[in-house]
There are 4 protein chains.
Amino acid sequence: MSNTLGHTLRITTFGESHGGGLGVVVDGFPAGHPFPHARIAAQLARRRPGQGKLTSPRQEKDAATVLSGVHSQTGVTLGTPIAMVFANKDARPHAYDDLAQLYRPSHADYTYEARYGLREAAGGGRASARETVARVAAGALAEDLLAARHGIEIVAWVDEVAGIAASADVVDSASLTRARVDATAVRCPDEAAAEKMIAAIDAARSDGDTVGGLVRCVARGVPAGWGAPVFGKLTADLAGALMSLPATRAFEIGDGLAATRLRGSEHNDPFYVDAESGAVRTRTNHSGGIQGGISNGETIRLAVAFKPTATIFRPQETVTRDGEPITFQAKGRHDPCVLPRAVPMVEAMVALVLCDHMLRAQIARVEPSG
Amino acid sequence: MSNTLGHTLRITTFGESHGGGLGVVVDGFPAGHPFPHARIAAQLARRRPGQGKLTSPRQEKDAATVLSGVHSQTGVTLGTPIAMVFANKDARPHAYDDLAQLYRPSHADYTYEARYGLREAAGGGRASARETVARVAAGALAEDLLAARHGIEIVAWVDEVAGIAASADVVDSASLTRARVDATAVRCPDEAAAEKMIAAIDAARSDGDTVGGLVRCVARGVPAGWGAPVFGKLTADLAGALMSLPATRAFEIGDGLAATRLRGSEHNDPFYVDAESGAVRTRTNHSGGIQGGISNGETIRLAVAFKPTATIFRPQETVTRDGEPITFQAKGRHDPCVLPRAVPMVEAMVALVLCDHMLRAQIARVEPSG
Amino acid sequence: MSNTLGHTLRITTFGESHGGGLGVVVDGFPAGHPFPHARIAAQLARRRPGQGKLTSPRQEKDAATVLSGVHSQTGVTLGTPIAMVFANKDARPHAYDDLAQLYRPSHADYTYEARYGLREAAGGGRASARETVARVAAGALAEDLLAARHGIEIVAWVDEVAGIAASADVVDSASLTRARVDATAVRCPDEAAAEKMIAAIDAARSDGDTVGGLVRCVARGVPAGWGAPVFGKLTADLAGALMSLPATRAFEIGDGLAATRLRGSEHNDPFYVDAESGAVRTRTNHSGGIQGGISNGETIRLAVAFKPTATIFRPQETVTRDGEPITFQAKGRHDPCVLPRAVPMVEAMVALVLCDHMLRAQIARVEPSG
Amino acid sequence: MSNTLGHTLRITTFGESHGGGLGVVVDGFPAGHPFPHARIAAQLARRRPGQGKLTSPRQEKDAATVLSGVHSQTGVTLGTPIAMVFANKDARPHAYDDLAQLYRPSHADYTYEARYGLREAAGGGRASARETVARVAAGALAEDLLAARHGIEIVAWVDEVAGIAASADVVDSASLTRARVDATAVRCPDEAAAEKMIAAIDAARSDGDTVGGLVRCVARGVPAGWGAPVFGKLTADLAGALMSLPATRAFEIGDGLAATRLRGSEHNDPFYVDAESGAVRTRTNHSGGIQGGISNGETIRLAVAFKPTATIFRPQETVTRDGEPITFQAKGRHDPCVLPRAVPMVEAMVALVLCDHMLRAQIARVEPSG
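Residues numbered from 1 in each chain as written. Chains lettered and ligands numbered in written order. Predicted model: local features only at pLDDT ≥ 70, side-chain atom pairs only at ≥ 80, totals over all residues. Heavy atoms only, no water.

*Asks:* Sorry if this is basic, but what is going on with the overall build of chain A here?
*Replies:* Along chain A, the regular secondary structure elements total eight helices and 16 strands. Expected size for 370 residues packed as a compact globule is a radius of gyration near 21 Å; at 21 Å, chain A falls within 12% of this value. Its C-alpha atoms give chain A principal-axis dimensions of roughly 70 × 50 × 35 Å. Every one of the 370 residues in chain A was classed for burial, and the buried ones make up 67%. The contacts in chain A between residues at least 6 apart in sequence include a share of 71% that link residues at least 24 apart. Per element, the accessible surface of chain A, about 11000 Å² overall, is 51% carbon and sulfur. Placing the 39 positive and 40 negative side-chain charges of chain A at their respective mean positions leaves the two points 2 Å apart. (Helix = DSSP H or I, 4+ residues; strand = E, 2+ residues; numbered from the N terminus. Rg over C-alpha atoms; globule rule 2.2 N^0.38 Å. Buried < 20%, exposed > 50% of the residue type's maximum accessible area, 1.4 Å probe, protein only. Contact = heavy atoms within 4.5 Å. Areas by Shrake-Rupley, 256 points an atom, 1.4 Å probe, with all protein chains shown as cover. Lys, Arg positive; Asp, Glu negative; His and termini not counted. Charge placed at Lys NZ, Arg CZ, Asp CG, Glu CD.)

In C-alpha cells, the structure reads:
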C-alpha cells in the first residue's frame, strides 16, 4: 500500500518535509523487547543532514519522540503500535515560495501535481528525502530484534561514486563493521577510493553539479528459510523496499548484472556440509544468500544504485505551472551526493524486510521453528 | 503477501509444476470489459515451452480454463473474481524421484526444505518457472484493459545474452512491436546480435551449460500521475513484481546503473511544453518515465537481469538430504537460456503493476480523473 | 478485501452459482499438516443441498478437487497455496433466463447491477449461497489444524426458527457434539423445539413462504491470548466474517443483546484460579470468552441471525430492468429455511478466524508462545 | 490488520490511554478536499469525557494536532497521509499503580497479559476507550467527504439504556439531526424515554453500578452500488468495524434479530420506480439499505449493543497476577454508562466504512461511475 510497508511487521509513515512533523507507526512488533533508544539515535545520526561538508547543511537533530507502544515502567515493547514522531525544527517553508510556480527538472513537482492536482511545494513535501527519517528509525528498531534473536548484522557502505569504485579486494564484507564504514566521510571502507570519491564530490559541488553512485549491503547471520514464494520472495520484497527509497535507479541481488555474463556452471553455488557445524553451506555465494526467494543461510548481498541528486546549482530549462518556459536556478541547501546518507537508509529497508520475514518464517510450518 | 500481488487489482496464484494444475484468481478487475481470450492465448503461446530448439521440449498447450468472473452470455467481465486454471497435462512426476533425495545447486530445493520442512520434488514444485503461466494469463488480461482505456503498449525484448548486447541504435523502442521482437528465435530485435546470441546459446547447450542475459521493456502511453508514494511508488512496485520472477538478479529503471556515472546536469530531464498537444514533456528521458515514484507521461523504460539457468547437464558437487556429498548429473528437459520465454513474463508483471496503479490513480483526488 | 478473508491465514474465493465452477485458494496454511480430506467431505456433506425435505433439492455432490498445496507422496500440506475447486455439475443456466430481466425482491439482482452495470442472472451468480461451498471446505481445513494443535472443538446449531427457540436448559453447549446436532433434520439439539421448528418450516413451505432464525456456535478449548486489538479484535473479525455470510442480519457475542439489560455487577465475570490446573478462569462467562477483543480461555459463544429466504413462491411486486412494474412469481429449487445448512457455514467462518488468529498469536511476543 | 482499518481508505491508530499520546494516520484520502477542522472538533467534543454528570469527569480537550497531509497554504488535503495526534494532557499514570498487580473483572487486563506477556496498566493502556478519540477524528474527516460528494448524513442516537427503549413512533430517523440527538444529556431523541434513561443511569451510579444499552444509526443518501462481495460486503465491513469498538456485544443490520421472526413475504422489500426521480426504490426497508452486501439506495439502518461498563464501584472477586484471590474495589473516574459518548464513535465507524467503499465503488466497473 501507498504508505505502509510489510505484511506481518508493518510500518506506516507520514509527513512532509516542512510542516508539523514526520513519523512512523510500527505495527506487529512483538511484545517484550527492550526499546532500543540508543540504536535508533545512532542510525538517525548517521542519516541526518549537516554531518559534514559532503551533506546538506540543514540542521535537524532528528530525535525520535516515542508516543506509544513502550511500557512506561520497564521500557520494553508492549506489542501495541509503536509511534515515533520527528518535529520539523529547522523548517523554512517560505524559502520555497518561488518553487511553487515551476517544475524542477527530475524532481517530483510535476508528477505530484499530475497525480494529486496540487502539491506541497515547501521542501518537496512528501517527496523529500527527509521522509526517510521515519524509515531509519523503524529500521533500527527492526534490526535490534534481528540482532537480539539471531545475531544478524546488517552493514551497508558506499561502493561507488561517480564511477569510482571501491576495490573488492580491500572491502572485506565478511568482517566489515559500521565503524569501519564511518571511518571515511563518504562511508567507503576503501580509503584510497574514498579519497577519490570525496574529490569527485567536491569537484561536482564546485561546478554546481551532483554525482550518484552505488551502495552495497550485506546481512550476515540470516538463517535459512526466510522468504515467502512467490510474490513475497525475499528478493522481491528487498527490491521493492529498496527501490522505494528516493533517487534509486537499480537493485542487484548476489552477483546482480554480472551474473548474466556467467555460465550456469560458473554461477551455480555447490552445496557441502560444514564439518564443524553440520550445516548445509555453499562453497560460493553467487546467489547472494537467496535461492528461490528464500534465504539459504549464506550472507545476503545486494546493491542499490542512486542517481545524481536532482538539485543542481546551474541554470536549467523548465516550465512553469502555466506552461511557460523558464530558466530555473536552484538555491538553498542540498547534498551534492546522497550516497553517504543513503547508507543507513539502505540498512533500514533491509532490516525491515528481514524482520517481517523472520516473523513470517516462525509460522510457516506446523512445527514452530522458533 | 506470499501468493498475492497488487493492491487494488490483485492476483493470487497457486499450483505446483506437477500435480492437479496451476491457476490464478484476479480480484478487483472492473466489470464490463470484454474478456480477451485471444490476447491471453497469444501471450501464453509466447511463454510456453516447446517453441523451438532454444527452449525446453516439455509440451504444455497451456490453455486457460476460465472458471468464473465472465458473463455467460455477453463474455464481458462481471466485476467478480476471474479464476483461470491450467492443467498439468504433460506431467511426469516420477521422472523426479531421484531428485527428492538431494539438493540441486542454485535451485530452491534446500531453501524450500529449510522453510517448510519438506518440499514437492516433482519438477521443482512451486519453485518451477511453470508457475509463471498464471502470471502471464493475468498480465494479458490487465494489459488488455490498459490498451482499451489508454492505448498503452507494453513491449519487452531480449537485449543481452551471455554478454552479447543488442545495439541501441538498431532497437528503436519507440516503435518496437511484439511481432518485430518475435522475428528472431531469441526475441532480440537486433538481428545481427540475435544471431550471435543464438550461437552462444547453442554453444552453451553443446557444453551442457546455460547462459543468462537481460530483458528490456518499455510501456508506451502511460499517462502522468500513476504511482503512489512512498512505498507504492511505481518504481518500487515494478521492482518488487519483476524481482519475483524466477532467476532474476537485477532491476533497472530508466538509465539504471548507468545513471550513477552521470552528473545531475547530464541526468536531469528538462521540461518543455509540447507545442502541439500542450502537454508538459521532458526533452530527455533518463528517468525512464517515472519521477518521485509517479509516471510523468514519458515512456517507462526498465530492464531485468536473469541468471543462467541453474539446471546444467554437467556433473555438480552437492549433498543429499542426509548430508552426504554426492555428484549430481541432471537429466530431463530444461531451457539452456530462459530469456526468450521471459519476455512475456516481464510484460505480464509490468501490465499487472500498471493496471493496479491505473485504478488507484482514478481515486487519488477529489475530482475523479477518469 | 473483496474476495479475500483473513490476514495471516487467508482465503480467496471465486465462482458463480452456474458456470465453470467455484473454488478457494488458502494461503498461509502451515506446512506439514496431513490434509484432512475426510473432515472436508463431512462438512461439505452437511452444507450441500438435497439433504432432505427441508433443503433445496438441487443435487451437487460438492466434492473438492484439490489442485495444489498437498505433497504428492505423503499427503501433508506443502506450505504453498491450497486450491480447491468445485464443479457446477447440476447447473441449469437457462432456467434463469426470465429472471435476467427483473429484480427479485430482497435479492442482490438490483444492487449487483447498480454496482457493476451488469450481472450474471443464472442462479444469482456470485450472490448465490452456493458460494459458501468454498468457505466450508476452507473452514474444515482450518478447524482440523485447530483441533490437532489445541483440541479446539467448534459446534454450531440451530437455536431458533420462526420465533421458536431451543431451551437453554436442554442444549448443553459444554458437551454438545455435531452428531447430536445432526440428530434432528433442522439441526436443533432440543428435540421438542426441533419438532416445532420443522412444523413451522413445513407450514411456511405450504404457504409458498419462508422463515428465518438463529444459529448459535461455541468454540471450546481456545487458549487465552488470541485476538489483535484494536481492529483485529476477535470480536470484530468474527463479526465481519460471519456477517459476510448470505442472509445474515445480526451478530451477538457472549450475552449479546441481553447484556444491555444487565448491570455491570451482574455482567462482569469474576476471576478465580482453578485449583487443579492453576489456570486463571472466570466463574461466569457473560463475555463469551473474549475480553478486550482477546480470548480469555473460556468457551467462545456467539450467535448469528438469518433472515427468511428471499425466494418465496408467492406473487411479488417488483420492476423490470427497464423500470416497468411487474408481478414476479418464483420457480425452481430453493430452501424454505436456510438455517440447517447454515450450521456448517457458521462453523467454517469461526474456524477460519480462529486459525488466522492462532498464527498471529504465535508471533505476538518476543518469546514464541508455541 | 491489528491496528489498521479499511482497504482503500485506511486508518492506522496508535497510542495508550496514558503516555505520549494517541493518534491516527489516514491513508488513501483523496487530494483536494478542504480539511474539516470544525467538523472534527465538533465530533471530538461529543466524544470527550467531562461533558456532564453522565460521563467520566476526566478532562481532555482532545484537540487534534494535524501533523501532515494538509496543504500549508490552502488547507486542502494533499493526498498524502493525514496524521492527527492527541496529547494525553490529563494523564495520571500513578493512579493506576495498584491495578497493575491484579486483573479487573471483564476488563482486558488478563487477556492482554495472556497475549503479550505484559501490559501497560495505566488507564487500561491500549484497551482504554480513550483509543476511540483517533477513530472519531478520522471518522469526521471521512464523513465530510461523504457529505460533500453525496450529501450523505450519518446520525446515531441512544435508543435503549438499561432496557428502557425509545419509541420508534417518536424517533423519526428520516429527519433526525445530531442537534436533536444532543438535546438530551443521554443523546436519546425521545425525551420521555431519555428522562427514564437518565434516571436509570443515576440509579446505577448511586449503587456504584453501571448500565448498557443500544445505539442505533442511520446513513441517509448512500447511493446504490457500494459494497464489495463477498467478504467486503457492506454488512460485513460495518459489522467488523462497529464490533471493534470497546464494550460492543451485538450488531444488527436492518430489522436485525426481528427479521428472524418474519416470514419472507413480510420481510422482502418490493421494488418500484419512483415516479419523480425515476429511481428504483423499495416500498419497505427491512433490509436496512443493503442487499447482497451492496447498498440499494435506501437508508442504511443499523444498531450496536454495548454492555454495561466493566468498572463498577462495588467490591469484586478477582485474582492477582500471582494467582492469589483478592477483593477489588475500583477508584478513579469512569462512565456509569458509555452510551452517550458512543454515539459519535458509531457515526465515525460507519463513516469510515462508507468512505472506503465510496472509493472502491468508483473503480468497480470499466465506465467510472463518478
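*Asks:* What is the right way to read the relation of the copies chain A and chain B from this model?
*Replies:* Both copies of the chain are related by a screw-like operation: a rotation about an axis and a shift along it. Laying chain A over chain B is done by rotating through 180 degrees and shifting 0.0 Å along the axis; what remains is an RMSD of 0.0 Å. As the rotation angle and translation indicate, the two copies are arranged about a two-fold axis. Residues of chain A ranked by C-alpha distance from the rotation axis are headed by G240 of chain A, positioned 2.0 Å from it. Here 100% of the interface residues in chain A have copies in chain B that are interface residues too; the copies meet face to matching face. (Least-squares fit on C-alpha atoms with pLDDT ≥ 70 in both.)

*Asks:* Just checking my understanding: could you explain the pattern of salt bridges for this structure?
*Replies:* Close approach of charged atoms allows side chains of opposite charge to pair. For the structure on display, the rule yields 96 salt bridges over all chains. Two residues, R216 of chain C and D159 of chain C, come together in a salt bridge whose shortest N-O distance is 2.9 Å. A residue pair is termed long-range when its members are at least 10 positions apart, and R216 of chain C in strand β8 (residues 213–220) and D159 of chain C in strand β6 (residues 153–161) qualify at 57 residues. Looking at D159 of chain C, the relative accessible area reads 9%, which means it is buried. Residue R281 of chain D is joined to E298 of chain D by a salt bridge in which the shortest nitrogen-to-oxygen separation is 2.6 Å. (Salt bridge = Lys/Arg side-chain N within 4 Å of Asp/Glu carboxyl O.)

*Asks:* Teacher, can you tell me more about the interface of chain A and chain B here?
*Replies:* Contacts between the two partners involve 107 residues from chain A and, on the opposite side, 107 residues from chain B. Counting the surface lost from both chain A and chain B, the interface buries some 8200 Å², and carbon and sulfur atoms represent 57% of this. The largest contributions to the chain A side of the interface with chain B come from R115, F231 and R249 of chain A, which together make up 12% of the buried area. There are six salt bridges connecting chain A and chain B. Between R283 of chain A and E317 of chain B there is a salt bridge, with its nearest N and O atoms 2.7 Å apart. (Buried area = accessible area lost by both parts, 1.4 Å probe.)

*Asks:* I would appreciate a short explanation of the packing of aromatic side chains in the present structure.
*Replies:* In this description, a pair of aromatic rings is defined by centroid distance and the angle of the planes. Overall, the coordinates contain 16 aromatic pairs over all chains when judged by the stated rule. Plain terms: the ring middles of Y103 of chain B and Y110 of chain B are 5.2 Å apart, the flat faces sit at 65 degrees to each other, and that makes the pair edge-to-face. Measuring from ring centre to ring centre gives 5.6 Å for Y112 of chain B and Y116 of chain B, while their planes differ by 55 degrees; the resulting arrangement is tilted. Remark: Y116 of chain B and Y112 of chain B occur in helix α2 (residues 109–116); sequence separation between them is four residues, near one turn of the helix. Across this residue pair, the class does not change: Y112 of chain B and Y116 of chain B are buried. Clustering of aromatic rings is evident, with ring pairs tying together Y103 and Y110 of chain A together with F271 of chain B. Sitting over the ring of Y272 of chain B, R283 of chain B keeps its end group 4.2 Å from the ring centre. (Phe/Tyr/Trp six-rings, centres within 6.5 Å; stacked < 30°, edge-to-face > 60°. Lys NZ or Arg CZ within 6 Å of the ring centre and 35° of its normal.)

*Asks:* How should the environment of A122 of chain A be read in this particular structure?
*Replies:* Within the secondary structure, A122 of chain A sits in the loop between α2 (109–116) and α3 (132–150). As a C-alpha pair, A122 of chain A and L99 of chain A span 23 residues in sequence and 8.0 Å in three-dimensional space.

*Asks:* In this structure, what is going on with the interface of chain C and chain B? I would like to understand it.
*Replies:* Frequently, the measure chosen for interface size is the accessible area that the parts lose on association. Across the contact, 42 residues belong to chain C and 42 residues belong to chain B. Taken over both partners, the interface formed by chain C and chain B buries close to 3000 Å², and the fraction arising from carbon and sulfur atoms is 60%. Here chain C and chain B share zero salt bridges between them. Between chain C and chain B we count 14 residue pairs in polar contact (both at pLDDT 80 or more) in total. (Polar contact = N/O pair within 3.5 Å; in protein donor to acceptor, adjacent residues only side chain to side chain.)

*Asks:* For this particular structure, what's the right way to read the sheet that holds strand β2 (residues 10–14) of chain A?
*Replies:* Paired through backbone hydrogen bonds, the strands of a sheet run either parallel or antiparallel to each other. Residue and element names in this part refer to chain A. In space, the five strands of this open sheet follow the order β1-β2-β3-β5-β4, with antiparallel pairing throughout. Each edge of the sheet is formed by a strand with only one pairing partner; in this case those strands are β1 (4–5) and β4 (65–66). Relative to β2, β1 runs antiparallel, the two being bridged by two bridges. Its bridge partner being in β2, L5 is matched across the sheet by I11. (Pairing = 2+ DSSP bridges.)

*Asks:* Can you help me understand the sheet that holds strand β4 (residues 65–66) of chain D in this one?
*Replies:* Pairing in this open sheet of five strands is antiparallel, and the strands run β1-β2-β3-β5-β4 (chain D) from one edge to the other. The open sheet has two free edges, formed respectively by β1 (4–5) and β4 of chain D, since each of these has just one partner strand.

*Asks:* Would you mind showing me how to read the pairing of strand β15 (residues 316–319) of chain D here?
*Replies:* On a regular strand, each side chain points to the face opposite its neighbour's, so the side chains alternate between the two faces of the sheet. All names here are of chain D. Bridge count between β15 and strand β16 (residues 325–328): four bridges; the pairing is antiparallel. Within the sheet, the bridge partner assigned to E317 lies in β16 and is T327. Hairpin connection between β15 and β16: a loop of five residues separates the two successive antiparallel strands, and G323 in this loop has a positive phi of roughly 85 degrees.

*Asks:* Would you mind going over the side chain of Q43 of chain D with me for this structure?
*Replies:* All names here are of chain D. Tracing the chain through its elements places Q43 in helix α1 (residues 37–47). Within polar-contact distance, the side chain of Q43 engages the side chain of R178 at 3.4 Å. Residue contacts for Q43: discarding those within four places in its chain leaves V136, A140, E143, R178, P344 and E347.

*Asks:* I'm lost on unusual backbone geometry in this one. Help?
*Replies:* What you tend to see is this: most non-glycine residues have negative phi, and most peptide bonds are trans. Along the chain, P229 of chain B connects to V230 of chain B via a cis peptide bond; the corresponding omega equals 5 degrees. Looking at the element boundaries, V230 of chain B is found in the loop between β8 (213–220) and α6 (234–242). The phi angle at R187 of chain A is positive, at roughly 60 degrees, despite the residue not being glycine. Relative to the assigned elements, R187 of chain A resides in the loop between α4 (178–181) and α5 (191–206). One non-glycine residue, A162 of chain C, lies in positive phi territory at about 50 degrees. Summarising the element assignment, A162 of chain C is placed in the loop between β6 and β7 (164–165).

*Asks:* Sorry, what's going on with the packing of helix α1 (residues 37–47) of chain C against helix α8 (residues 339–362) of chain C here?
*Replies:* Axes are the key here: two packed helices are described by the angle between their axes and the distance separating the axes. Residues and elements named next belong to chain C. Relative to each other, α1 and α8 sit at 140 degrees, their axes nearing to 7 Å. As the angle between them shows, α1 and α8 are arranged oblique. Where α1 abuts α8, its residues Q43, R46 and R47 lie against R341, V343, P344, M345 and E347. Looking at the contact of α1 with α8 residue by residue, the classes come out as three nonpolar, one polar and four charged. (Axes fitted to C-alpha atoms, helices over the stretch in contact; angles between N-to-C directions. Parallel < 35°, antiparallel > 145°, perpendicular 65-115°, else oblique. Nonpolar A, V, L, I, M, F, W, Y, C, P; charged D, E, K, R; others polar.)

*Asks:* Is there a simple way to explain the packing of helix α3 (residues 132–150) of chain D against helix α8 (residues 339–362) of chain D in this structure?
*Replies:* Residue and element names in this part refer to chain D. The geometry of α3 relative to α8 is characterised by a closest axis approach of 7 Å and an angle of 50 degrees between their N-to-C directions. Taken together, the axes of α3 and α8 lie oblique to each other. Here the hand of the crossing between α3 and α8 comes out left-handed. For the pair formed by α3 and α8, the contact residues are T132, R135, V136, A138, G139, A142, E143, L145, L146, R149 and H150 on the first element and P344, M345, A348, M349, A351, L352, L354, C355, M358, L359 and Q362 on the second. Of the residues contributing to the contact of α3 with α8, the split by class is 15 nonpolar, four polar and three charged. (Left-handed = near helix turned anticlockwise from the far one by under 90°.)

*Asks:* Please explain helix α6 (residues 234–242) of chain A as it appears in this structure.
*Replies:* Residues lying three or four places apart along an α-helix face the same way, a consequence of the helix completing one turn every 3.6 residues. A large share of α6 of chain A lies buried, amounting to eight of its nine residues. The complete set of buried residues in α6 of chain A reads L234, T235, A236, L238, A239, G240, A241 and L242 of chain A.

*Asks:* Is there a simple way to think about the side chain of T260 of chain C in this case?
*Replies:* Relative to the helices and strands, T260 of chain C is located in the loop between β9 (248–253) and α7 (264–267). For T260 of chain C, the side chain forms a polar contact with the main-chain oxygen of L257 of chain C, separated by 2.7 Å.

Function cannot be read off these values alone, since they describe shape.
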